[in-house]
There are 2 protein chains.
Amino acid sequence: MAVGVAKTPELLPIAGVRVGTACAGIKRTTRDDLVVFELAEGGSMAATFTRNAFCAAPVTVAKEHLGQAPRWLVVNSGNANAGTGARGMEHARASCQAVAALTGGAANQVLPFSTGVIGEYLPLEKIALALPEAVADLSENHWHKAMTAIMTTDTRPKGASRAVDIDGHTVTVTGIAKGSGMIHPNMATMLGYVATDARLPQPLLQQALSRAVELSFNRVTVDGDTSTNDACVLLASGYSSAPAITSADSPHYAAFAAAVEAVCKELAEAIARDGEGATKLMRIQVAKAEDEAEAHQVANTVALSPLVKTAFFASDPNWGRILAAVGRAGCDNLDIERITIDLNGVRIVENGGRAPSYTEEAGVAAMAPEEIVVAIDLGRGDSACEVLTCDFSFDYVKINAEYRT
Amino acid sequence: MAVGVAKTPELLPIAGVRVGTACAGIKRTTRDDLVVFELAEGGSMAATFTRNAFCAAPVTVAKEHLGQAPRWLVVNSGNANAGTGARGMEHARASCQAVAALTGGAANQVLPFSTGVIGEYLPLEKIALALPEAVADLSENHWHKAMTAIMTTDTRPKGASRAVDIDGHTVTVTGIAKGSGMIHPNMATMLGYVATDARLPQPLLQQALSRAVELSFNRVTVDGDTSTNDACVLLASGYSSAPAITSADSPHYAAFAAAVEAVCKELAEAIARDGEGATKLMRIQVAKAEDEAEAHQVANTVALSPLVKTAFFASDPNWGRILAAVGRAGCDNLDIERITIDLNGVRIVENGGRAPSYTEEAGVAAMAPEEIVVAIDLGRGDSACEVLTCDFSFDYVKINAEYRT
């Protein structure tokens, strides 16, 4: 299940970034599960990683290699190479060496990524056998194949592109992501690969990515479980004819950063729509909070509440559960008399209780659509935040009870 | 569903505390849903309440009346009188007045409690009509009836008693509780009523209750949702022939406090066993944490993870999810090399990954029982904490999707 109509996104190629896929047969032999990205020489790379202390071996290695002028990414689905100790580290390094041997680069110029089940050793031989095919497949036009190859429990591939004009020249941003379960905002919360032909120094690239991730992937939650393998990478080839972006204060940077943010937000929304077992998409919009952190905290508390999520699954306007979640979000000195809550425009809470204008019929109507805006006004500041989430369905339990079988 | 064999607890009467029930027909007309407790004159009362900012009207009124030498409690199930604004406050006060009119007390000597659906107005007339029957029913021997009358989605009544010897005299402690969903440690997380014939000043009574609640009800979580109506009350009649307890440093206090703690822990465990849709009981035991707060935080993170809870439902030794939950619990500078995790005595994690001795067969065997101990050793301090929780099943979703229908 997933929320809304599936659209196959149009993915624009990025000059200077090539993508190749192959089937290593890690979990299934019927579809590609291995991806190699190649960034042209002279490009730059930025990344964000999970904050989970038990981060996977590939995350540790990718962090080490990020500062070494990396040019390749190797990604496998079907196995997370997490919780695998010293042997997992050897496997992650061996993947990098295998790519280096095929491409003529150095092992520390390769960033490894894995996604899938935790705690099983990476089938290194399968990967080594399939890598030559993935490298031979490298092309600027293979984003669609990569988008599918990185999927695990995803029911839909996720991709997005934007083209922006900078001084009469086009700069393009294209991204793909995977993520459906173990999704909770804490750095990246999934795998995302975004590339651009813009030219800009690495610190600016990192700044643009970090902010975009904060406003997109870190604002999506499916189950509150921050993964061990989350990562998001931004590759910049500099192949666009647009002038180099040299300052974070320039309008060029603003235009570029907005395009990266738009791509990341579209990918993040696609992840929420495809949350495990999802039948509804909820936009939890908190306004008039004291600061952004408070707004985020309240939105997250509502978005993570199993009772709220099951009520949405049932299309039941059991708004008392939303009120209870706001009340336990941990805001100091919350004045409940000032809080209003609206469900798709229907006022449900004001003056500390049920809105006098509320009727069960209006509530039922508000809960019927597949997409629901939950607007919470705390009435005490100027900060806002939107978090996207999905409902908790029978299929969520089914998918996660049967994941390894 | 519930975990383990249902035992009808033997509930010892408390001299000086009488209990009466009646059927007000608030949600169903087939069972009692109204309880009145009466404490003999000269007794004392202590209480803990939910920290939810949207606390229910009866919670606000009960807090006001706690300092007024209260002698009665009035409890209804089937309606929480929460999210009901000014009208809800009037209803809560009116319930107290109705009890006062029947018993000859003052309205501010009555503490009101409600549990059930949030956001609907209390059917005050039904309660007023049934109250005379409940008051006429007052008896020291009606704890069993009260235990059933306070239930909502509970599938089992919950009660416990202890008798302790103090200087050759018996002091008795009896408690009942309700709770199955919207259960998460933050003060009381359910309704609990505990009574004793011990004689001790109110501050000591409050101290004993607060500590017992911290170690029992605040260590149980079903769904992470702290209710709007949580409360736990301890009534002390002083009718025992045992000497008065006058100091928190005395052995008498220690014996009494241990009995209160034992009753609260037995009730708390009964709540976890009866968690909505529960098929398994998990004891998340964190050891060697830097402090109790850290131990509690790690245990809670594991206990609340939907991915961990669905894996337990499936009896799937997907221990990577436990490892991932520990890793995201927010401990600073966690050295994952020092952490060990055991499932019912089977070592699953050590040295930062899967234990070399671990086999899938051993993991499957460890996950098979209805009760599972998850032992997490952080290897960095001397503090420990145990949190009880249950699994996430199809029935959890079913119960909460259909709660109001």
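In the nomenclature of an unreviewed UniProt entry, chain A is known as Arginine biosynthesis bifunctional protein ArgJ of Methylogaea oryzae. Within the UniProt record for chain A, the comment given under Sequence similarities (unreviewed entry) is "Belongs to the ArgJ family." Quoted verbatim from the Function (unreviewed entry) field of the UniProt record, the comment on chain A reads "Catalyzes two activities which are involved in the cyclic version of arginine biosynthesis: the synthesis of N-acetylglutamate from glutamate and acetyl-CoA as the acetyl donor, and of ornithine by transacetylation between N(2)-acetylornithine and glutamate."

1. Comments concerning the sheet that holds strand β7 (residues 169-178) of chain B
Residue and element names in this part refer to chain B. In spatial order, the strands read β3-β10-β8-β7-β6; together these 5 strands make up an open sheet with mixed pairing. The open sheet has two edge strands, β3 (44-49) and β6 (158-166), and neither has a second partner. Across the sheet, the axes of successive neighbouring strands diverge by a mean angle of 10°, strand direction being ignored. Where β3 and strand β10 (residues 231-236) come together, 6 bridges link them in antiparallel fashion. Residue pairing across strands places F49 opposite A231, the latter belonging to β10. Against the sheet, helix α5 (residues 202-215) touches β3 and β10, its axis set at about 35° to β3. Against the sheet, helix α6 (residues 251-273) makes contact with β6, β7, β8 (191-196) and β10, and its axis sits at roughly 165° relative to β6, the strand it touches most.

2. A look at the relation of the copies chain A and chain B
After a rotation of 180° and a shift along the axis of 0.0 Å, chain A superposes on chain B with an RMSD of 0.0 Å. On the angle and the small slide along the axis, the relation comes out as a two-fold axis. Taking C-alpha positions as the reference, the residue of chain A nearest the rotation axis is F394 of chain A, at 2.9 Å. A high fraction, 100%, of the interface residues of chain A reappear at the interface in chain B, so the copies pair face to face through one surface.

3. Description of the domain arrangement of chain A
All names here are of chain A. One can read the domain layout of chain A as domain 1 (17-273) and domain 2 (281-401). Centre-to-centre separation of domain 1 and domain 2, based on C-alpha positions: 33 Å. Listed by partner, the interface residues are 14 residues for domain 1 and 16 residues for domain 2. Together, the buried faces of domain 1 and domain 2 total about 1300 Å²; carbon and sulfur atoms form 54% of this surface. Across the domain 1-domain 2 interface, the total number found is 2 salt bridges. For E371, the salt bridge is made with R273, and the minimal N-O distance between the two is 2.7 Å. For the interface between domain 1 and domain 2, the tally reads 3 residue pairs in polar contact (both at pLDDT 80 or more). At the level of elements, α5 (202-215), β9 (220-221) and α6 (251-273) are the ones that each hand at least two residues to the side of domain 1 that touches domain 2. Residue contributions to the side of domain 1 that touches domain 2 peak at 3 residues, all from α6. Within the side of domain 1 that touches domain 2, the residues separate by chemical class into 4 nonpolar, 4 polar and 6 charged.

4. Regarding the packing of helix α8 (residues 306-313) of chain A against helix α9 (residues 320-327) of chain A
Residue and element names in this part refer to chain A. Closest axis-to-axis distance for the α8/α9 pair is 9 Å, and the angle between their directions is 160°. Between α8 and α9, the angle falls in the class roughly antiparallel. Taken as a pair, α8 and α9 cross one another with a handedness that is left-handed. Packed against α8, whose contacting residues are L307, V308, T310, A311 and F312, the element α9 presents R321, I322 and A325 at the interface. Here the contact of α8 with α9 is composed, by residue class, of 6 nonpolar, 1 polar and 1 charged.

5. Observations concerning the side chain of Q109 of chain A
Residue and element names in this part refer to chain A. Tracing the backbone through its elements, the reader meets Q109 in the loop between α2 (85-103) and β5 (110-117). Q109 sits in the buried class, given a relative accessible area of 18%. If we skip the residues at most four places from it in the chain, Q109 touches Q68, A69, P70, R71 and W72.

6. A closer look at the UniProt feature "binding site: substrate" (unreviewed entry) in chain A
Residues and elements named next belong to chain A. Residues annotated by UniProt as "binding site: substrate" (unreviewed entry) correspond here to T152, K178, T189, E276, N400 and T405. Of note, T152 is situated in the loop between α4 (143-149) and β6 (158-166). Among residues more than four places away in sequence, those in contact with T152 are R31, S77, G78, T115, G116 and K178.

7. Some points on the interface of chain A and chain B
Contact with chain A, which involves 54 residues of that partner, is made by 54 residues of chain B. At the boundary of chain A with chain B, total buried surface from both sides reaches about 4600 Å², with 62% on carbon and sulfur atoms. For the interface between chain A and chain B, the tally reads 8 residue pairs in polar contact (both at pLDDT 80 or more). Broken down by secondary-structure element, the contributors of at least two residues to the side of chain A that touches chain B are α8, α9, β14 (353-354) and α11 (394-401) of chain A. Residues belonging to the side of chain A that touches chain B are distributed by class as follows: 25 nonpolar, 18 polar and 11 charged.

8. Comments concerning the nonpolar core
Ranked by internal contacts, the top residues of the largest apolar core, which has 72 residues, are V326 of chain A together with F113 and Y193 of chain B. In contact with F113 of chain B, other than residues within four places in its own chain, are F49, P58, A62, L73, V74, V75, N76, L191, Y193, A231 and V233 of chain B. One finds V75, L111 and Y193 of chain A together with V326 of chain B within the second-largest nonpolar core, a separate group that totals 71 residues.

9. Digging into the packing of α2 of chain A against helix α3 (residues 124-136) of chain A
All names here are of chain A. The interhelical angle for the contact between α2 and α3, taken along N-to-C directions, is 30°, at an axis separation of 10 Å. Regarding the angle of α2 to α3, the classification is roughly parallel. Regarding α2 and α3, the two cross each other, and that crossing is right-handed. Contact residues: H91, A94, S95, A98, V99, L102 and T103 in α2; L124, L131, P132 and V135 in α3. Looking at the contact of α2 with α3, its residues break down into 8 nonpolar, 3 polar and no charged.

10. Details of the sheet that holds strand β7 (residues 169-178) of chain A
All names here are of chain A. Strand order in the open sheet formed by 5 strands is β3-β10-β8-β7-β6, with mixed pairing between adjacent strands. Two strands close off the open sheet at either side, each with one partner strand: β3 (44-49) and β6. Taking the axes of each pair of neighbouring strands and ignoring which way they run, one obtains an average angle of 10° across the sheet. Bridge count between β7 and strand β8 (residues 191-196): 6 bridges; the pairing is antiparallel.

11. A short note on the packing of aromatic side chains
In this structure the tally under the stated criterion is 9 aromatic pairs over all chains. On the numbers, 5.3 Å between centres and 80° between planes, the contact of F113 of chain B with Y193 of chain B is edge-to-face. Placement of the pair is F113 of chain B in strand β5 (residues 110-117) and Y193 of chain B in strand β8, with a sequence separation of 80 residues. Accessibility classification places F113 of chain B together with Y193 of chain B in one group, the buried group. Grouped by ring-pair contacts, the aromatic residues F37, F113, W143 and Y193 of chain A constitute a single cluster. Its guanidinium or amino end placed over the ring of Y121 of chain A, R87 of chain A lies 3.9 Å from that ring's centre, counting from NZ or CZ.

12. Some remarks on the environment of R31 of chain B
All names here are of chain B. Locating R31 in the fold gives a position in the loop between β1 (17-22) and β2 (34-39). A sequence separation of 69 residues divides R31 from A100, and the C-alpha atoms of the two residues are 24 Å apart. Not counting residues within four places of it along the chain, the set of residues in contact with R31 comprises C23, S77, T148, A149, M151 and T152.

Each value, and the rule that gives it
- Residues numbered from 1 in each chain as written.
- Chains lettered and ligands numbered in written order.
- Predicted model: local features only at pLDDT ≥ 70, side-chain atom pairs only at ≥ 80, totals over all residues.
- Heavy atoms only, no water.
- UniProt positions renumbered as here; feature names shortened; annotations may be inferred.
- Pairing = 2+ DSSP bridges.
- Helix = DSSP H or I, 4+ residues; strand = E, 2+ residues; numbered from the N terminus.
- Axes fitted to C-alpha atoms, helices over the stretch in contact; angles between N-to-C directions.
- Contact = heavy atoms within 4.5 Å.
- Least-squares fit on C-alpha atoms with pLDDT ≥ 70 in both.
- Domains from an automatic or database assignment.
- Buried area = accessible area lost by both parts, 1.4 Å probe.
- Salt bridge = Lys/Arg side-chain N within 4 Å of Asp/Glu carboxyl O.
- Polar contact = N/O pair within 3.5 Å; in protein donor to acceptor, adjacent residues only side chain to side chain.
- Nonpolar A, V, L, I, M, F, W, Y, C, P; charged D, E, K, R; others polar.
- Parallel < 35°, antiparallel > 145°, perpendicular 65-115°, else oblique.
- Left-handed = near helix turned anticlockwise from the far one by under 90°.
- Buried < 20%, exposed > 50% of the residue type's maximum accessible area, 1.4 Å probe, protein only.
- Core = buried A, V, L, I, M, F, W, Y, C linked by side-chain atoms within 4.5 Å.
- Phe/Tyr/Trp six-rings, centres within 6.5 Å; stacked < 30°, edge-to-face > 60°.
- Lys NZ or Arg CZ within 6 Å of the ring centre and 35° of its normal.

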